[in-house]
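# Breakdown of the fold
Residue strings, one per chain:
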Amino acid sequence: MCTAITYQPRELYMGRSLDYEASYGEEIVMLPRRFPLRFRHGGGSEQGYAILGTAHVADGYPLYYDAVNEKGLGIAGLNFVGNARYAAPQDGRQNVAQFEFIPWLLRQCATLAEARQLLQAVNLTGTPFSLHFPAAQLHWLLADATGALTLEPTAAGLQIYENPVGVLTNNPPFPQQLFALNNYMHLSPRQPENTFAPDVPLQAYSRGMGALGLPGDLSSGSRFVRAAFTKLHSVCGESEADCVGQFFHIMETVSQTRGCCEVAPGEFERTIYTSCWNAARGIYYYTTYGNRRITAVDLHREPLDGTALRRYPMLTAEDILMQNGGADA
Ligand SMILES: C[C@H](CCC(=O)NCCS(=O)(=O)O)[C@H]1CC[C@H]2[C@@H]3[C@H](O)C[C@@H]4C[C@H](O)CC[C@]4(C)[C@H]3C[C@H](O)[C@]12C
């Protein structure tokens, strides 16, 4: 399971959690403006916008999971297993293999409006990257500071939905996830009033009872509702550290603890990493299951006009600061 959100207290922050039972070997990867990109069904580009995100690099190619470009357009790919359908390549159309989709889009679009335009022409194909890497069945959250879209590849083509809550999880399809919020419109961060039976002396005997009924389990429908409720009520301070810290707090409400979701005997899904980027500043923050210290890679500290990928393996070892017992103890 995975969850992606946008969060815009003032500047836009966006990111995702990646929940899975195994890691492919994720790295923070910067694709510079002049990295030559070749597309599987023809064509390519010698230059475009620089991109920063999480990818697995295979044979020198960045297989991105989520990323932001230097203009602040960001995207995250999440499992959509059983529902994603890709097309066969078609003559006369812009054929893009699913694994190329993120760099293809972020390389050439500065804004959501430009992306929306470009997406009209795309034919997303299920062409595998290699025998080892068949096409991943995904859908995507795409956003900039003006809004968010959900992109779902279906048998009827790529569906593009406005995403007014800026949240995406996994199955079922996005329209059903959004509709389910109707069931929770009575929830509130404030204490409830007794409308159940005003003549019966009912009491709000604990804080937090306004949100009683917010689903607490790990299913993607429940995470969708929980992430939406938490982000839509989130209040954060002014500084970059406050906003980034608050983003990770929101994501903690949907994080997965090893042991609670068994996908095969003895195999458990866990939150392998959580990312958060400041779209305007191009700073990519992340934590991992093993290391909850927030680590950052700044796009603008990289040689943007370069030609070679720059790679930072994710830090996964627990990093505990011992506060006492130093030399002068
Ligand atoms: C498994 C990941 C999604 C995690 C997720 O959504 N879990 C939910 C599980 S469930 O639905 O609820 O069961 C997805 C997200 C991005 C995917 C990767 C990216 O798409 C990049 C390449 C694409 C290649 O086609 C396959 C390997 C791959 C390296 C993908 C492997 C895997 O499918 C990833 C890592």
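If you're wondering where the values come from, they're calculated on a predicted model, not measured in any experiment.

What counts, and at which threshold
- Residues numbered from 1 in each chain as written.
- Predicted model: local features only at pLDDT ≥ 70, side-chain atom pairs only at ≥ 80, totals over all residues.
- Heavy atoms only, no water.
- Helix = DSSP H or I, 4+ residues; strand = E, 2+ residues; numbered from the N terminus.
- Rg over C-alpha atoms; globule rule 2.2 N^0.38 Å.
- Buried < 20%, exposed > 50% of the residue type's maximum accessible area, 1.4 Å probe, protein only.
- Contact = heavy atoms within 4.5 Å.
- Areas by Shrake-Rupley, 256 points an atom, 1.4 Å probe, with all protein chains shown as cover.
- Lys, Arg positive; Asp, Glu negative; His and termini not counted.
- Charge placed at Lys NZ, Arg CZ, Asp CG, Glu CD.
- Pairing = 2+ DSSP bridges.
- Axes fitted to C-alpha atoms, helices over the stretch in contact; angles between N-to-C directions.
- UniProt positions renumbered as here; feature names shortened; annotations may be inferred.
- Salt bridge = Lys/Arg side-chain N within 4 Å of Asp/Glu carboxyl O.

Here we come to the overall build of the chain. Within the chain, the regular secondary structure consists of 5 helices and 20 strands. Relative to the 2.2 N^0.38 estimate, which gives 20 Å for 329 residues, the radius of gyration of the chain is 21 Å and therefore close to what a compact globule would have. Once the C-alpha set of the chain is aligned to its principal axes, its extents read approximately 70 × 65 × 45 Å. A burial count over the chain gives 49% of its 329 residues as buried. Of the contacts formed within the chain by residues at least 6 apart in sequence, a portion of 66% connects residues at least 24 apart. Just so you have it, the chain exposes about 16100 Å², and 53% of that area is on carbon and sulfur atoms. Positive and negative charge centroids in the chain, built from 24 and 31 side chains respectively, lie 3 Å apart.

Strands sit in the order 14-1-2-17-18-19 across an open sheet of 6 strands; the sheet is antiparallel. Two strands lie at the open edges of the sheet, namely strand 14 (167–168) and strand 19 (295–298), each paired on one side alone. Bridge count between strand 18 (residues 283–288) and strand 19: 4 bridges; the pairing is antiparallel. Residue Y286 lies in a different strand from strand 19, and its bridge partner there is T295. Those strands touched by helix 4 (residues 220–233) are strand 1 (2–7), strand 2 (13–20) and strand 14, and its axis lies near 20 degrees from that of strand 1.

A few words on the UniProt feature "domain: Choloylglycine hydrolase/NAAA C-terminal" (unreviewed entry) in the chain. The sites that carry the UniProt feature "domain: Choloylglycine hydrolase/NAAA C-terminal" (unreviewed entry) are, in the present numbering, residues 2–308. Across residues 2–308, the secondary structure splits into 16% helix and 33% strand, with the terminal C-alpha atoms separated by 30 Å.

Let us now look at the environment of L18. By the secondary structure assignment, L18 is in strand 2. A relative accessible area of 11% means that L18 is categorised as buried. On a C-alpha basis, the gap between L18 and Q177 in space is 19 Å, while along the polypeptide they are 159 residues apart.

What follows concerns the environment of G92. With respect to the element layout, G92 can be found in the loop between strand 8 (74–79) and strand 9 (94–97). On the basis of relative accessible area, G92 is assigned to the exposed category, the value being 85%.

Applying the stated criterion to the full structure yields 13 salt bridges. A salt bridge links E70 to R33; the shortest N-O distance between them is 2.7 Å. Of this pair, E70 sits in the loop between strand 7 (61–69) and strand 8 while R33 sits in the loop between strand 3 (27–31) and strand 4 (37–38); the two residues are 37 residues apart in sequence, bridging distant segments of the chain. According to the relative accessible area criterion, E70 is buried, its value standing at 17%. The structure contains a network of salt bridges with shared partners spanning E11, E240 and R281.

Attention shifts here to the environment of L168. Note on placement: L168 falls in strand 14. By relative accessible area, L168 is classed as buried at 1%. Beyond its immediate chain neighbours, meaning those up to four positions away, L168 contacts C2, T3, A4, L78, H139, W140, L141, T150, F174 and F224.

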